[in-house]
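What follows is each chain in one-letter form.
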Amino acid sequence: MDHALRTISYIADIGDLVVLMARRRMITQDGEDSSNKIAKTPKMVCHVFESEEAQFIAQSIGQAFQVAYMEFLKANGIEDQSFVREMDYQEVLNSQEIFGDELQMFAKKELQKEVIVPKARNEILGVVIVESGWGSMLPTVVIANLAPAGAAARCGQLNIGDQIIAINGISLVGLPLSTCQTYIKNAKSATVVKLTVVPCPPVVEVKIKRPDTKYQLGFSVQNGVICSLLRGGIAERGGVRVGHRIIEINGQSVVAVPHERIVGLLATSVGEINMKTMPTSMFRLLIGQETPVYI
């Protein structure tokens, strides 16, 4: 395994297992490493290791992130001579409740709805779905686009942002995007499709409580896209999700803002940091950077 620290998106220890996710190194046609030119959500690779020192390994990588973050602050003129004590950071974590009502939304049956979509035999459903993003309390797929004259749009009960948790009684929670797409495609021959959905706005609100710049936010961003997330950090508690595009920071739009400006805003923000994000694929569809491929 050969991954630069900046490519690691997720690290966790589960008993004797170490789970590590990293962005794949993408090579362009001319052979150039395109890792710094993220135009789309990068492909990920997941490594699972077994070791009696799983917890120690995960903590060591977490500490490496902290050192790298302190170096980043120093390079940007925000120098702090002392490292944050683990207890200090734990106190910050304890002061912040997990933001977002996802668990409540998914747990309450009355907030779910069954949508019956009538359609012609061999007609596609007419939706584009994307992943809800790592960091979601309940990972599933989100409706990112609806074909104007498609069956899903005609039924009048589905909207962009709705999260699909089942199709024809089959749960989609936790399944890969490709598997969810296959289940939807397999319903093409049916004349009625039953979807279980949780109505959600397309924009996710994020709230991070950070008392001082010496406390790392716990995520990295590249050209507005959230690329990695520190397990158990204040960003994860605040609702940050890997694969989402930041569209607003503290009420200020960053849709057309350069990467350096976004990093500067995040590096210097303290107190309660409010952001609005959405899945990157959905963002690109809405602003016309991608052509929707309906299924």
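Just above, that's the structure.
Since the structure is predicted, the reported quantities are computational estimates derived from the model, not experimental observations. (Residues numbered from 1 in each chain as written. Predicted model: local features only at pLDDT ≥ 70, side-chain atom pairs only at ≥ 80, totals over all residues. Heavy atoms only, no water.)

J.: How would you sum up the overall build of the protein chain? Please name residues and give values.
T.: In terms of regular secondary structure, the protein chain is built from eight helices and 15 strands. For the protein chain, the proportion of contacts with a sequence separation of at least 24, taken over those separated by at least 6, is 69%. Per element, the accessible surface of the protein chain, about 15500 Å² overall, is 52% carbon and sulfur. (Helix = DSSP H or I, 4+ residues; strand = E, 2+ residues; numbered from the N terminus. Contact = heavy atoms within 4.5 Å. Areas by Shrake-Rupley, 256 points an atom, 1.4 Å probe, with all protein chains shown as cover.)

J.: Explain the pattern of salt bridges to me, and be specific about the residues and the numbers.
T.: Under the definition given, this model contains three salt bridges. Of the charged contacts in the structure, one is a salt bridge between arginine 154 and glutamate 123, with a shortest N-O distance of 3.0 Å. Taken together, the residues span a long stretch of sequence, with arginine 154 in helix α4 (residues 151-154) and glutamate 123 in the loop between β4 (113-118) and β5 (127-131) at a distance of 31 residues. Classification of arginine 154 as partly exposed rests on a relative accessible area of 47%. Between lysine 276 and glutamate 248 there is a salt bridge, with its nearest N and O atoms 4.0 Å apart. (Salt bridge = Lys/Arg side-chain N within 4 Å of Asp/Glu carboxyl O. Buried < 20%, exposed > 50% of the residue type's maximum accessible area, 1.4 Å probe, protein only.)

J.: Just give me the short version of unusual backbone geometry, but keep the residues and values in it.
T.: A negative phi angle characterises most non-glycine residues, just as the trans form characterises most peptide bonds. Unlike most non-glycine residues, asparagine 168 shows phi in positive territory, near 50 degrees. Here asparagine 168 shows up in the loop between β7 (163-167) and β8 (170-171). We classify asparagine 168 as partly exposed; its relative accessible area is 40%. Notably, asparagine 223 is not glycine yet its phi reads approximately 55 degrees, a positive angle. The residue asparagine 223 is located in the loop between β11 (219-222) and β12 (225-229) in this model.

J.: Tell me what's going on with the pairing of strand β6 (residues 141-146), and back it up with residues and numbers.
T.: Taking burial as the measure, the six residues of β6 include six buried ones, the bulk of the element. Here β5 pairs with β6 via five bridges, running antiparallel. Bridging across to β6, glutamate 131 finds its partner in valine 141. Pairing between β6 and β7: two bridges, direction antiparallel. Each bridged residue has a counterpart across the sheet, and for valine 141 the counterpart in β7 is isoleucine 164. (Pairing = 2+ DSSP bridges.)

J.: I'd like a rundown of the sheet that holds strand β1 (residues 8-14), residues and numbers included.
T.: An order of β1-β2-β3 is seen for the three strands of this open sheet, with the pairing classed as antiparallel. The sheet terminates laterally at β1 and β3 (44-50), the two strands that pair on one side only. Ignoring which end each strand starts from, the neighbouring axes of this sheet average 15 degrees apart. Sheet analysis places strand β2 (residues 17-23) next to β3, joined by seven bridges and oriented antiparallel. Each residue of the ladder has a partner; that of valine 18, found in β3, is phenylalanine 49. (Axes fitted to C-alpha atoms, helices over the stretch in contact; angles between N-to-C directions.)

J.: So what's going on with a nonpolar patch on the surface? Which residues, and what values?
T.: On the surface, a cluster of nonpolar side chains totalling about 270 Å² of accessible area is made up of Ile14, Leu17 and Val48. Positionally, leucine 17 belongs in strand β2. For leucine 17, a relative accessible area of 34% translates into the label partly exposed. (Patch = residues over 30% accessible without salt bridge, like charges linked within 9 Å, V, L, I, M, F, W, Y side chains within 5 Å.)

J.: Can you tell me about a negative patch on the surface, naming the residues and giving the values?
T.: Taken together, the side chains of Asp16, Glu50, Glu52 and Glu53 present a region of like negative charge at the surface. Mapped onto the elements, glutamate 50 comes out in strand β3. (Lys, Arg positive; Asp, Glu negative; His and termini not counted. Charge placed at Lys NZ, Arg CZ, Asp CG, Glu CD.)

J.: Can you break down the environment of alanine 149 residue by residue, with the values?
T.: Here alanine 149 lies in the loop between β6 and α4. Spatially, the C-alpha atom of alanine 149 lies 8.1 Å from that of glycine 126, the residues being 23 residues apart in sequence.

J.: Residues and numbers for the environment of alanine 12, please.
T.: Tracing the sequence through the fold places alanine 12 in strand β1. A sequence separation of 42 residues divides alanine 12 from alanine 54, and the C-alpha atoms of the two residues are 8.6 Å apart. The residues touching alanine 12, leaving out its near neighbours within four places in the chain, are Leu17, Val18, Val19 and Ala58.

J.: Residues and numbers for the environment of tyrosine 215, please.
T.: In this structure, tyrosine 215 sits in the loop between β10 (204-210) and β11. Separated by 19 residues in sequence, tyrosine 215 and isoleucine 234 place their C-alpha atoms 9.0 Å apart.

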